[in-house]
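# Summary of structural features
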Amino acid sequence: MKRLNLLVAFAAAGAILTAQPVFAAGNSVMMNDSAVITVGAAQAQEASGGAPGMAAEPSQNSGPAMSQPEQGSGSAVIVAGSSQSSEAEAGTGTEIQSQAPGNDSGSILQPVGPDGAIVPVEEEQKPTEAAQNGRVIDPSKPMVALTFDDGPQSSVGNRIMDVLNQYNGKATFFMVGERVASHAAEVQRMVAEGHEVANHTMNHKYLQKLGAAEIQSQVAKGNDAIEAVCGVRPTILRLPGGNHNATVRANTHMPMIQWSIDTLDWKTRNADKTVAAVLDHVKDGDIILMHELYSQSGDAAVRLIPELTNRGYQLVTVSEMAAAKGQALEAGKIYSSFR
Ligand code: NI
């Protein structure tokens, strides 16, 4: 297994030192372009490859060709950067290994506005009180994004939010559009409490099996369904199974968010293993994959949230972390961590 945890040297170190982030309103935060590194096709996950690390999800719609890869029983963790297929598809893959341009902002704290955007702070200013509940994201300190797929599932999601509230943390929920109407109050709570509502397609179909029009429909209908119940249209997408090909990448028209720690919670259904999968590997900038459907995943989350906080990690949404790390989220590109 070839480790592809890239590469990213910043060519223009001088530019990084001088370029200050320009924060825009809304979820998309623009940074100096030099901070965004587009890597060639080395990490493209191809549907036919069946490589370890693919389809690490419940195989709700999987056909025989997409059967779950066998994982070694001793390891519950896949680090996406090291386990994805290296099957190259020249010129088409775009995997961004996010690398922050160093924390040249020093100790400046960046408050988060109600819409999740980082509020610009003048360099000369002292840290200001956060706009929301006294919450401040400090880009110079470690952070992780907890992400929960396949919900909403009120019985689990509400427990997770209860504990996040106690620790002033936020999470990202990648939801299946066809489920949201049945859990509307929970989705509305996510918005009210500052979590990120995100798209996991309308019907959790594996998009690499679909044509362009169907891919676009799955994405659009997912966004529509979520927006209809909570008033917020998602700005990020997680692909079912994490699976993609060139047609998928060309037709989602959204930033696609993978992960850097796969807890395999859906498979083990064991809170101890899920907790260990995170705590044994977690580092700054990780995107942690869990699933909202399972009570054991909720059990794990309610243990992880205090412990990660205790270890000094800020619990932030995906969009918050991208902003804090100075990464623009661009439609059609794939992100698996923000370093
Ligand atoms: Ni899923």
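Heads up: these notes are all about the structure in this document. (Residues numbered from 1 in each chain as written. Predicted model: local features only at pLDDT ≥ 70, side-chain atom pairs only at ≥ 80, totals over all residues. Heavy atoms only, no water.)

## Describing the side chain of Asp-149
Defined as follows: A run of H or I in DSSP becomes a helix once it reaches four residues, and a run of E becomes a strand once it reaches two; helices and strands are each numbered from the N terminus. Residues adjacent in sequence count toward polar contacts only when both atoms are side-chain atoms; beyond that, a polar contact is any pair of N or O atoms within 3.5 Å, and within protein one must be able to donate a hydrogen and the other to accept it.
Secondary-structure assignment places Asp-149 in strand β4 (residues 143-151). Among the polar contacts made by the side chain of Asp-149, one reaches the side chain of Arg-238 at a distance of 2.8 Å.

## Quick word on helix α9 (residues 271-279)
This is how it is decided: Relative accessibility under 20% of the residue-type maximum defines a buried residue, over 50% an exposed one, and the middle range a partly exposed one, all with a 1.4 Å probe and only protein chains included. Whether two residues are in contact is decided by their heavy atoms: any pair within 4.5 Å suffices.
Regarding α9, the residues found buried are Ala-271, Thr-274, Val-275, Ala-277, Val-278 and Leu-279. In this fold, the buried residues of α9 make contact with β8 (261-262), α8 (265-268), β9 (287-291) and α10 (295-310).

## What to know about α10
To keep things clear, this is the line we draw: Under the convention used throughout, the expected extent of a helix is 1.5 Å for every residue step, that is, one less than its residue count. The bend at a residue is defined as the angle formed between two axes, one fitted to the seven residues ending at that residue and one fitted to the seven starting there.
In a regular helix each residue adds 1.5 Å, so 16 residues correspond to 22 Å; α10 covers 23 Å between its end C-alpha atoms and thus fits that length. For α10, the principal kink sits at Leu-304 and spans about 25°; a proline, Pro-306, occurs within the next four residues. Residues Ser-297, Gly-298, Ala-300, Ala-301, Leu-304, Ile-305 and Leu-308 constitute the buried set of α10. Those residues of α10 that are buried are in contact with β4, α3 (154-166), α8, α9, β9 and β10 (314-315). Backbone geometry just downstream of α10 places Gly-312 in the positive-phi region, at approximately 100°.

## A short note on the pattern of salt bridges
For clarity, the threshold we go by: Any Lys or Arg side-chain nitrogen found within 4 Å of a carboxyl oxygen on Asp or Glu counts as a salt bridge.
In total, this model carries 14 salt bridges according to the counting rule given. The salt bridge involving Arg-135 is made with Glu-320; its shortest N-O contact spans 2.9 Å. In this pair, Arg-135 sits in the loop between β2 (110-111) and β3 (136-137) while Glu-320 sits in helix α11 (residues 318-324), placing the two residues 185 residues apart along the sequence. A relative accessible area of 3% places Glu-320 in the buried class. Close ionic contact of Arg-233 with Asp-224 constitutes a salt bridge, the shortest N to O distance being 2.8 Å. A relative accessible area of 38% means that Asp-224 is categorised as partly exposed. Three or more residues are tied together by salt bridges with common partners; here these are Asp-162, Arg-189 and Glu-193.

## So, the packing of α3 against α10
For clarity, the threshold we go by: Axis lines are fitted to C-alpha atoms, over the contacting stretch for helices. Their N-to-C directions set the angle, which ranges from 0 to 180 degrees. With respect to orientation, any angle under 35 degrees is reported as roughly parallel, any angle over 145 as roughly antiparallel, any angle of 65 to 115 as roughly perpendicular, and every other angle as oblique.
Relative to each other, α3 and α10 sit at 5°, their axes nearing to 9 Å. Classified by the interaxial angle, the pair formed by α3 and α10 is roughly parallel. Across from Val-156, Arg-159, Ile-160, Val-163 and Leu-164 in α3, the residues of α10 making contact are Ser-295, Gly-298, Asp-299, Ala-301, Val-302, Ile-305 and Pro-306.

## Quick look at unusual backbone geometry
Of note, the bond from Gly-151 into Pro-152 is cis; its omega dihedral lies within 30 degrees of zero at 5°. Positive phi is not limited to glycine here, since Asp-150 has a value of about 75°. Residue position: Asp-150 is located in strand β4. Asp-150 sits in the buried class, given a relative accessible area of 2%. The phi dihedral of Arg-269 is positive, around 45°, even though this residue is not glycine. If you trace the backbone, Arg-269 turns up in the loop between α8 and α9.

## Regarding the environment of Ile-226
The topology assignment puts Ile-226 in helix α6 (residues 212-230). Separated by 28 residues in the primary sequence, Ile-226 and Ala-198 place their C-alpha atoms 8.1 Å from one another. Setting aside residues no more than four positions away along its own chain, Ile-226 makes contact with Met-175, Val-180, Val-197, Ala-198, Asn-199, Gly-231, Val-232 and Pro-234.

That is the geometry; function is a separate question.
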